[in-house]
Amino acid sequence: MNGALETLTIVLALALAAWGLVATVRDRAPDRSHLIGLAVVEVAILALGVAALVAIAGGESPAEPGTFWGYLATIVCLPPIAAVLARMEPTRWGSIIVTVVCLVIPVLVVRLQQTWEVAGA
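Residues numbered from 1 in each chain as written. Predicted model: local features only at pLDDT ≥ 70, side-chain atom pairs only at ≥ 80, totals over all residues. Heavy atoms only, no water.

So, helix 2 (residues 32-57)
Given a rise of 1.5 Å per residue, 26 residues ought to cover 38 Å, and the 37 Å separating the end C-alpha atoms of helix 2 matches this to within 8%. For helix 2, the complete set of buried residues consists of His-34, Gly-37, Leu-38, Val-41, Glu-42, Ala-44, Ile-45, Leu-48, Gly-49, Ala-51, Ala-52 and Ala-55. If you follow the buried residues of helix 2, they end up packed against helix 1 (3-25), helix 3 (65-88) and helix 4 (92-117). Phi turns positive, to about 105°, at Gly-59, one or two residues after helix 2. (Helix = DSSP H or I, 4+ residues; strand = E, 2+ residues; numbered from the N terminus. Expected span 1.5 Å × (residues − 1). Buried < 20%, exposed > 50% of the residue type's maximum accessible area, 1.4 Å probe, protein only. Contact = heavy atoms within 4.5 Å.)

Focus: helix 1
Here helix 1 is 23 residues long and its end C-alpha atoms lie 33 Å apart, about the 33 Å a rise of 1.5 Å per residue gives. All of the buried residues along helix 1 are Leu-5, Glu-6, Thr-9, Ala-13, Leu-16, Ala-17, Gly-20, Ala-23 and Thr-24. Downstream of helix 1 by one or two residues, Asp-27 has phi in the positive range, about 60°.

Description of the side chain of Thr-9
Relative to the elements of secondary structure, Thr-9 occurs in helix 1. Residue class for Thr-9 comes out buried when judged on its relative accessible area of 0%. Within the local environment of Thr-9, its side chain forms a polar contact with the backbone oxygen of Leu-5, the two atoms lying 2.9 Å apart. Leaving out residues up to four positions away in the same chain, Thr-9 has contacts with Ala-44, Ile-45, Leu-48, Ile-105 and Val-109. (Polar contact = N/O pair within 3.5 Å; in protein donor to acceptor, adjacent residues only side chain to side chain.)

Looking at the pattern of salt bridges
For the structure on display, the rule yields one salt bridge. Its salt-bridge partner being Asp-27, residue Arg-92 comes within 3.9 Å of it at the nearest N-O pair. In this pair, Arg-92 sits in helix 4 while Asp-27 sits in the loop between helix 1 and helix 2, placing the two residues 65 residues apart along the sequence. (Salt bridge = Lys/Arg side-chain N within 4 Å of Asp/Glu carboxyl O.)

So this is what it looks like as structure tokens:
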């Protein structure tokens, strides 16, 4: 998998988490910028998935395929779910949802990387 793409995904998610935290502290509901941010993070996550498929087509594979695909399926679903839940909760709690999901995404990206790199060890 591509280390730069993983780093970019983590940075984007953490930046959006910080932006969500600012909205939470200001007692604001998530606005359009949060939803656009979730869409940008989702695009980065989908790019990770495509990179994984390209690597698999090239002959590489994760050491734990079940775990890898489970993490990938989970991480792909998180931003859309966060967007829906944040829109359903138009209070500061919606901003908390965005913040928490964006803090979980980097953890899942690291786990994806770990399950992939075990094969090379």
